[in-house]
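Survey of secondary and tertiary structure
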Amino acid sequence: MESSASEAVRDTVDVNFSLACGPVTLRASLQVPTGETNVTQLLPILQKLTNTVVAATVEQVQAGGAQISCHAGCGACCRQLVPLSVFEAEALAQWIRSLPAEQQDDLQHRFHTTLLTLRDSGVLARLKPELWQEGSLESREVVIEYLAAKAPCPFLKDESCGIYPIRPLICREYLVTTPPEYCEGPRLQEVEGVRMPLKLSKALNKLGSKAEGAGAGWIPLVFLFHWMRSGAEPGKAMAGAGPQVLYDVIAELES
């Protein structure tokens, strides 16, 4: 990873690096703050990097003859369990608090309605990140039960993402090549997802676990308003000069 002073903006630096992205090498250049920053503050840059990885992967998929079936207005996948990194939870909490009171109340109502749906279906009691083991039978069952409950993401509006520009990294990374209706049912084995060779969402979860000292480093997105009441600021635990913080994220990505 190389850095060069940016003449256009004095308090940033251009960080250039290469990443193996499947069969191709992805070369990226990101403008990063030179001063004290943290992972939460770096999220816009990580979103940009994720978009670059996704675009490169889509290009490879299409070159192989497949087509991405995801499109604007299709919210079929927006009824799945979304593991939200604690840094993204912090950023979304800051954004929500910046909204007018009426909009905050509307969002809180949406979250409450979704939680009631999950409670009535019996899924809510099983959403315990501390018990989550990726790839385990239990996690597979919870994912299927969550989808079967048909509880829409509280940010979903008219089958479109209401926070699209700031949506979680894991949502950006989720693409399929099978018909959208396959995503609506619990038979996930029929869904052919696009395998992302690099997943920054996982890197954030790993860093989140370190920031917390214990735990999974993420929360179910539907718990966001409850999490906000804790006043947690996980970004402060992963702070430093901008290039170093970015390096820490990339290190987790490559580990």
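As a reminder, the structure under discussion sits directly above these lines.
From a predicted model like this one, the values you see are computed outputs, not experimental measurements. The written sequence of each chain sets the order in which its residues are numbered from 1. Thresholds applied to this predicted model are a pLDDT of at least 70 for local features of residues and 80 or more for the giving and counting of side-chain atom pairs; totals over whole chains, interfaces and linings are not thresholded and use all residues. Remark: hydrogens and water are excluded; side-chain values derive from all non-hydrogen atoms of the structure.

What follows concerns the overall build of the chain. Along the chain, the regular secondary structure elements total eight helices and nine strands. Throughout, the radius of gyration refers to the C-alpha atoms, and the reference size of a globule is 2.2 Å times the residue count to the power 0.38. Taken against the 2.2 N^0.38 rule, which gives 18 Å for 255 residues, the C-alpha radius of gyration of the chain at 19 Å falls within 12% of a compact globule. In terms of principal-axis extent, the alpha carbons of the chain reach across some 55 × 45 × 35 Å. Partly exposed describes any residue whose relative accessible area lies between the buried limit of under 20% and the exposed limit of over 50%, with all areas from a 1.4 Å probe on protein chains only and scaled to the type maximum. Every one of the 255 residues in the chain was classed for burial, and the buried ones make up 42%. Calculation of accessible area relied on Shrake-Rupley with a 1.4 Å probe; when residues are assessed, cover is drawn exclusively from the protein chains displayed. A total accessible area of about 13200 Å² is found for the chain, and carbon and sulfur atoms account for 51% of it. We score Asp and Glu as negative and Lys and Arg as positive, and we do not count His or the chain ends. Working definition for charges: the position is that of NZ of Lys, CZ of Arg, CG of Asp or CD of Glu. Between the mean site of the 22 positive side-chain charges and the mean site of the 29 negative ones, the chain shows a separation of 2 Å. Only DSSP runs of H or I reaching four residues or more are called helices, and only runs of E reaching two or more are called strands; each is numbered from the N terminus.

Where charged atoms of side chains with opposite charge meet at close range, the side chains can pair. Salt bridges are defined by distance alone: a side-chain nitrogen of Lys or Arg within 4 Å of a carboxyl oxygen of Asp or Glu. Under the defined criterion, the tally for this structure stands at seven salt bridges. With a shortest N-O distance of 2.8 Å, Arg79 and Glu159 are connected by a salt bridge. Here Glu159 lies in the loop between strand S6 (156-157) and strand S7 (160-161) and Arg79 lies in the loop between helix H1 (43-63) and strand S5 (83-85), a separation of 80 residues in the sequence. You can call Glu159 partly exposed: its relative accessible area is 31%. Glu233 is the salt-bridge partner of Lys236, the closest N and O atoms lying 2.9 Å from each other.

With that out of the way, let us pick up H1. Every helix has an expected span of 1.5 Å times one less than the residues it contains. In this model H1 runs 30 Å from its N-terminal to its C-terminal C-alpha over 21 residues, within 8% of the 30 Å that 1.5 Å per residue would give. Residues of H1 that are buried include every one of Leu43, Ile45, Leu46, Gln47, Leu49, Thr50, Val53, Val54, Ala56, Thr57, Val58 and Val61, and no others. Tucked into the core, H1 has its buried residues touching strand S2 (12-21), strand S3 (24-33), helix H2 (86-97), helix H5 (169-173), helix H6 (200-212) and helix H8 (242-254). Looking one or two residues past H1, Gly65 carries a phi angle of roughly 100 degrees, positive in sign. The contact rule is simple, with two residues in contact once any of their heavy atoms fall within 4.5 Å.

Just geometry here; none of it tells us what the structure is for.
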